[in-house]
Amino acid sequence: MSDSDDEPLYEARLWRDNGWTAQVIKNEDDEGWAVAMFKAGESEPALVGPWTMGRDKKNPKPLDVNAFNTLVKTASEVIRRHEQQLHAQLNKALYVARDGNWLKITLEIVPAEDDPYAWLAAFDAAGEKLAQVKVLAGFKLSQSAAEAWVDSGFERPAGRD
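Here we summarise the structure given alongside this text. Computed from a prediction, not measured in an experiment: that's the story for all the values here.

## Some words on the overall build of the protein chain
Phase 1 of the analysis: Counting secondary structure elements, the protein chain contains two helices and nine strands.
Phase 2 of the analysis: The order of α-helices and β-strands along the protein chain, N terminus first, is β-β-β-β-β-α-β-β-β-β-α.
Phase 3 of the analysis: Whereas a compact globule of 161 residues would reach a radius of gyration of roughly 15 Å, the protein chain reaches 24 Å, over 25% beyond that.
Phase 4 of the analysis: By principal-axis analysis of the C-alpha atoms, the protein chain measures approximately 75 × 30 × 30 Å.
Phase 5 of the analysis: By the burial criterion, 30% of the 161 residues in the protein chain qualify as buried.
Phase 6 of the analysis: Contacts spanning at least 24 positions in sequence make up 31% of the contacts within the protein chain whose residues lie at least 6 apart.
Phase 7 of the analysis: Counting every atom, the protein chain has about 10900 Å² of accessible surface; 50% of that belongs to carbon and sulfur.
Phase 8 of the analysis: Averaging the coordinates of the 19 positive side-chain charges in the protein chain and doing the same for the 27 negative ones gives two points 5 Å apart.

Laid out in structure tokens, this is it:
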């Protein structure tokens, strides 16, 4: 069997299948063992947790299909929660009522390494974009800031990019 990163591998301390790798490692902090879950193509583990000792109380319990599937499910959930948290940090929305209509005001931060920025946008009730301006990544979208932006006729806020 080749050592390709996408080919399944089933060893006592190393399992690779369906885009995931589980590796049982010596826990540096104590006498026990840990398992690290890596998603294909990632250099950092998505999940690291304690691993059960084998019957001899020295070596780790071997990986098996049930343990691997549980680890994949848990690591996938960790990644999903992280992505949701990142999305929430980078995307904000609130609503402003004007002239009997609701406007949705959004702030989408673009975390570019060299020069992060954000897009401030306004949408009508049908989802049509009314305005969009580029602002600093640190722009704080608050109710009062959104209302002031709408009332200004969507002029680029002060402290802009």
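Structure shown, so let's carry the discussion forward.
## Notes on the nonpolar core
Phase 1 of the analysis: Counting 18 residues, the largest nonpolar core has Ile105, Leu107, Leu120, Val135, Leu141 and Trp149 as the members making the most contacts within it.
Phase 2 of the analysis: Elements represented by at least two residues in this core include exactly strand E6 (91-98), strand E7 (101-110), strand E8 (117-123), strand E9 (129-136) and helix H2 (143-151).
Phase 3 of the analysis: If one sorts the elements of this core by residue count, E7 sits on top with four residues.
Phase 4 of the analysis: Ignoring sequence-local partners within four residues, the contact set of Trp149 consists of Ile105, Leu120, Ala121, Ala122, Ala131, Val133, Phe154, Glu155, Arg156 and Pro157.

## So, the environment of Asp17
Phase 1 of the analysis: Mapping Asp17 onto the fold places it in strand E2 (residues 14-17).
Phase 2 of the analysis: Setting aside its immediate chain neighbours within four residues, Asp17 contacts Pro8, Tyr10 and Phe68.
Phase 3 of the analysis: Looking at Asp17, its side chain comes within polar contact range of the side chain of Tyr10, at 2.5 Å.

## As for the packing of aromatic side chains
The relative placement of two aromatic rings is captured by the distance of their centres and the angle of their planes.
Phase 1 of the analysis: Enumeration according to the criterion identifies four aromatic pairs in this entry.
Phase 2 of the analysis: A centroid spacing of 4.7 Å and a plane angle of 70° characterise the contact between Tyr10 and Trp15, whose relative ring orientation is edge-to-face.
Phase 3 of the analysis: When its relative accessible area of 11% is taken as the criterion, Trp15 is described as buried.
Phase 4 of the analysis: Ring centres of Trp149 and Phe154 lie 5.0 Å apart, and the angle between their planes is 75°; on these two criteria the pair is classed as edge-to-face.
Phase 5 of the analysis: Of the aromatic side chains, those joined through ring pairs into one cluster are Tyr10, Trp15 and Phe68.
Phase 6 of the analysis: Against the face of Trp33 rests Lys26, its NZ or CZ located 5.3 Å from the ring centre.

## Observations regarding unusual backbone geometry
Phase 1 of the analysis: In this structure, Asn18 is a non-glycine residue whose phi angle is positive, near 50°.
Phase 2 of the analysis: On the secondary structure map, Asn18 appears in the loop between E2 and strand E3 (20-26).
Phase 3 of the analysis: Since its relative accessible area comes to 66%, Asn18 is described here as exposed.
Phase 4 of the analysis: The backbone of Phe154 sits at a positive phi, close to 70°, despite the residue not being glycine.

Conventions adopted
Residues numbered from 1 in each chain as written. Predicted model: local features only at pLDDT ≥ 70, side-chain atom pairs only at ≥ 80, totals over all residues. Heavy atoms only, no water. Helix = DSSP H or I, 4+ residues; strand = E, 2+ residues; numbered from the N terminus. Rg over C-alpha atoms; globule rule 2.2 N^0.38 Å. Buried < 20%, exposed > 50% of the residue type's maximum accessible area, 1.4 Å probe, protein only. Contact = heavy atoms within 4.5 Å. Areas by Shrake-Rupley, 256 points an atom, 1.4 Å probe, with all protein chains shown as cover. Lys, Arg positive; Asp, Glu negative; His and termini not counted. Charge placed at Lys NZ, Arg CZ, Asp CG, Glu CD. Core = buried A, V, L, I, M, F, W, Y, C linked by side-chain atoms within 4.5 Å. Polar contact = N/O pair within 3.5 Å; in protein donor to acceptor, adjacent residues only side chain to side chain. Phe/Tyr/Trp six-rings, centres within 6.5 Å; stacked < 30°, edge-to-face > 60°. Lys NZ or Arg CZ within 6 Å of the ring centre and 35° of its normal.

These results come straight from atomic positions and should not be treated as a statement about function.
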